[in-house]
Amino acid sequence: MKNTWKLISILSLIIIFLIGCTKEKLQTDTEVKEITYKKISAEEAKEIIDNSSDYILLDVREENEFAEGHIEGAILIPYGEISDRAEEELPDKEKTILVYCRSGRRSSIAAEQLVELGYTDVQDFGGIIDWTYEIVK
């Protein structure tokens, strides 16, 4: 009888140990690191622009909109051309990319496209209509 209880106890501990290890292993095997873009305010974008030099400022509007006025230092890649031009014009996929458009709709689409292309630090600050700072023409 004592041997039966010992055997049951040992088997129970082994089963508990194996279930614990298997569950942890399954969680590790199925973990997926999801990279998404970050939505920030115009004020946060301005702070990055003022306090860092390690970023790309990306305007995703059309060429005529860019010519009417844009944020100083911005490069233009219209959102419809992101898939075709980004990897050539934005080779560092780990660099901070600050994205904007006119109102925020196109910048969110472009930010999603950049993430799908493998960019890891994409920050969308919406539209130039919310930019209360200086622009250049």
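Anything mentioned here points back to the structure above.
Below or above, wherever it landed, is the structure these notes cover.

The subject of this paragraph is the pattern of salt bridges. All chains considered together, the criterion is met by 8 salt bridges. One salt bridge in this structure joins Glu89 and Arg85, with 2.6 Å as the shortest N-O distance. A residue pair is termed a helical-turn pair when its members lie 3 or 4 positions apart in one helix, as Glu89 and Arg85 do in helix α4 (residues 82–89) at 4 residues. Its relative accessible area of 36% is what places Glu89 among the partly exposed residues. Salt bridges linked by common partners bring Glu81, Arg85 and Glu89 together as one network.

Take the pairing of strand β2 (residues 55–59) next. Counting buried residues in β2 gives 4 out of 5 residues, a clear majority hidden from the surface. Bridging between β2 and strand β4 (residues 96–101) involves 5 bridges; their strand directions are parallel. Bridge assignment links Leu58 to a residue of β4, and that residue is Val99. Note that β2 and strand β3 (residues 75–76) share 2 bridges and pair parallel. Bridging across to β3, Asp59 finds its partner in Leu76.

Conventions we followed
Residues numbered from 1 in each chain as written. Predicted model: local features only at pLDDT ≥ 70, side-chain atom pairs only at ≥ 80, totals over all residues. Heavy atoms only, no water. Salt bridge = Lys/Arg side-chain N within 4 Å of Asp/Glu carboxyl O. Helix = DSSP H or I, 4+ residues; strand = E, 2+ residues; numbered from the N terminus. Buried < 20%, exposed > 50% of the residue type's maximum accessible area, 1.4 Å probe, protein only. Pairing = 2+ DSSP bridges.

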